[in-house]
Amino acid sequence: MAQYVVRRVLIAIPTLLIISFVIFAILALAPGDPLAQFALNPAVPESTRELIRIQFGLDQPWYIRYVKWLIALARGDWGFSFGTRGPVIDLIWQRLPQTLIVVGTAYLIAVLIAIPIGVISAVKQYSWFDQVATFLAFIGFSVPSFFTGLALMLVFAINLKWFPIVYNSTLNLTGWDGITEQIRQMTLPVTVLVVQQTAALTRFMRSSMLDNLPLDYVRTARAKGLADRMVIIRHVLRNSMIPVVTLIALGIPTIFAGAIITENLFRVNGIGQLLITSIQNSDTPVVMAITFIFACLTVLFNLIADLLYGVLDPRVRYS
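Residues numbered from 1 in each chain as written. Predicted model: local features only at pLDDT ≥ 70, side-chain atom pairs only at ≥ 80, totals over all residues. Heavy atoms only, no water.

Observations concerning the nonpolar core
Ranked by size, the top nonpolar core spans 41 residues in total, and within it Val 102, Met 209, Val 236 and Ile 248 carry the most contacts. Counting only elements with at least two residues in this core, the list comes to helix 5 (88-123), helix 7 (145-159), helix 8 (175-212), helix 9 (216-223), helix 10 (228-251) and helix 14 (284-312). Examining the composition of this core, we find that ten residues originate from one element, helix 8, more than from any other. With residues up to four places along the chain from it excluded, the contact list for Ile 248 reads Tyr 107, Val 111, Ile 115, Leu 201 and Met 241. Listed in part, the 21 residues of the second largest apolar core include Phe 24, Val 88, Ile 92 and Ile 271. (Core = buried A, V, L, I, M, F, W, Y, C linked by side-chain atoms within 4.5 Å. Buried < 20%, exposed > 50% of the residue type's maximum accessible area, 1.4 Å probe, protein only. Helix = DSSP H or I, 4+ residues; strand = E, 2+ residues; numbered from the N terminus. Contact = heavy atoms within 4.5 Å.)

The following block contains the structure:
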């Protein structure tokens, strides 16, 4: 297995280099001036703007800037934000906790709900439970998140006034009151994400279970006298989780990247909102850092999913 991991890491290095080169080229060649805010300010003369441009290296060709960015990245330097004039890594660390709390909680709840619903729907195929779960999964999967968010805000925040509309990232209450208020403001954005994630995972889990239920090893296990529940849990569920693990593992990087639409809708001060703001302001170092981190996490969790195959399926060997 160690040799397999080493080979995958060696393959991942040029892959990430190509990804970073493409992302940097797209951002550098895209329309928009990172220093446009200074152009609108009459108090900043043209000479000062040119000095700032030289300071950030914007007077150099984009491929030279990419090489310098890559060298700085190798030293652990992610650069400075054009907007805040602060280190990019500090800006990301400030936003990351809010994203992990909201998006991470939603993803965990979605996985815990989707797997048992998918299993029961497959075992009791065409029952009323399966029909209701399939109907709700289709609705949750097809309805866009911004529509679900607006509907929940209209009903539960504006009309019923049960939950706040805007997420307060500076909430600093202690004790039970602080926990209650945090749960209240998390309810709507988490619900939007849970609906979307649960729908996709449920359909995938149900389909995987239905593929394994008619196979010979299931009939053999039942013929040996194993209880139906043990056959489902010990054999069918384990083999059905193999493709589902890939979907779950590849969805984990989205937790760190943030839910762009949901975070902007509920004003969650997280990575997703930071990404949209940075794109609008042509803040290339921040956009580059977030997208490259997302690419690294995708490659990493893809490797983790492949390694989990060997745990779930003893036929998989990494020799």
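Right, picking up where we left off after that structure.
Points about a nonpolar patch on the surface
Among the surface-exposed residues, Leu 154, Val 155, Ile 158, Leu 160, Trp 162, Ile 165 and Val 166 lie close enough to one another that they form a single nonpolar patch of about 610 Å² accessible area. Relative to the helices and strands, Leu 160 is located in the loop between helix 7 and helix 8. Residue classification places Leu 160 among the partly exposed positions, given a relative accessible area of 39%. (Patch = residues over 30% accessible without salt bridge, like charges linked within 9 Å, V, L, I, M, F, W, Y side chains within 5 Å. Areas by Shrake-Rupley, 256 points an atom, 1.4 Å probe, with all protein chains shown as cover. Salt bridge = Lys/Arg side-chain N within 4 Å of Asp/Glu carboxyl O.)

Thoughts on the side chain of Gln 185
For Gln 185, the location among the structural elements is in helix 8. The residues contacting Gln 185, other than those within four sequence positions of it, are Pro 164, Tyr 167, Asn 168 and Leu 171.

Here we look at the pattern of salt bridges
The final tally for this structure, using the stated rule, is four salt bridges. Residues Arg 206 and Asp 130 are paired through a salt bridge, measuring 2.8 Å at the closest nitrogen-oxygen approach. Of this pair, Arg 206 sits in helix 8 while Asp 130 sits in helix 6 (residues 128-142); the two residues are 76 residues apart in sequence, bridging distant segments of the chain. Arg 206 gets classed as buried once you look at its relative accessible area, which sits at 11%. Taking the relative accessible area as the measure of exposure, Asp 130 reaches 2% and is therefore buried. One salt bridge connects Arg 222 with Asp 228, and the closest N-O pair in it is separated by 2.9 Å.

Notes on helix 4 (residues 62-74)
Taking 1.5 Å per residue as the helical rise, helix 4 with its 13 residues ought to reach 18 Å, and the 18 Å between its terminal C-alpha atoms agrees with that figure. All of the buried residues along helix 4 are Arg 65, Tyr 66, Trp 69, Ala 72 and Leu 73. In an axial view of helix 4, the angular spread of the buried residues amounts to 130°, which keeps them on one side of the axis. Note on helix 4: the residue one or two positions beyond its end, Gly 76, has a positive phi of about 90°. (Expected span 1.5 Å × (residues − 1). Arc of directions from axis to C-beta.)

What about the packing of helix 5 against helix 8?
Where helix 5 meets helix 8, the closest approach of the two axes is 6 Å, and the angle between their N-to-C directions is 35°. Both helix 5 and helix 8 take part in a crossing whose hand is right-handed. Considered class by class, the residues forming the contact of helix 5 with helix 8 number 24 nonpolar, seven polar and one charged. (Axes fitted to C-alpha atoms, helices over the stretch in contact; angles between N-to-C directions. Left-handed = near helix turned anticlockwise from the far one by under 90°. Nonpolar A, V, L, I, M, F, W, Y, C, P; charged D, E, K, R; others polar.)

Quick notes on the side chain of Asp 283
Relative to the helices and strands, Asp 283 resides in the loop between helix 13 (271-280) and helix 14. Sequence-distant contacts of Asp 283, defined by excluding residues within four places in its chain, comprise Ser 81, Phe 82, Gly 83 and Ser 278.

Quick look at unusual backbone geometry
Most peptide bonds take the trans form, and the phi angle of most residues other than glycine is negative. Of note, Lys 161 is a non-glycine position whose phi angle comes to about 60°, a positive value. Along the polypeptide, Lys 161 turns up in the loop between helix 7 and helix 8. Residue class for Lys 161 comes out exposed when judged on its relative accessible area of 60%. Phi is positive for Arg 267, close to 60°, though the residue is something other than glycine. Within the secondary structure layout, Arg 267 lies in the loop between helix 12 (260-265) and helix 13. Its relative accessible area of 47% is what places Arg 267 among the partly exposed residues.

Some points on the environment of Leu 247
Positionally, Leu 247 belongs in helix 10. Of the residues examined, Leu 247 reaches a relative accessible area of 32% and is grouped as partly exposed. Sequence separation of Leu 247 and Ala 200 is 47 residues, and the distance between their C-alpha atoms is 9.4 Å. Not counting chain neighbours up to four residues away, the residues in contact with Leu 247 comprise Tyr 107, Leu 201 and Phe 204.

Things to note about the packing of aromatic side chains
In the structure shown here, the tally under the stated rule is eleven aromatic pairs. A centroid spacing of 6.1 Å and a plane angle of 80° characterise the contact between Trp 128 and Phe 129, whose relative ring orientation is edge-to-face. Take Phe 129: its relative accessible area is 25%, and that puts it in the partly exposed class. An aromatic cluster of three or more residues is present, and its members are Phe 21, Phe 24, Trp 62, Tyr 63, Tyr 66, Trp 69, Trp 78 and Phe 292. (Phe/Tyr/Trp six-rings, centres within 6.5 Å; stacked < 30°, edge-to-face > 60°.)

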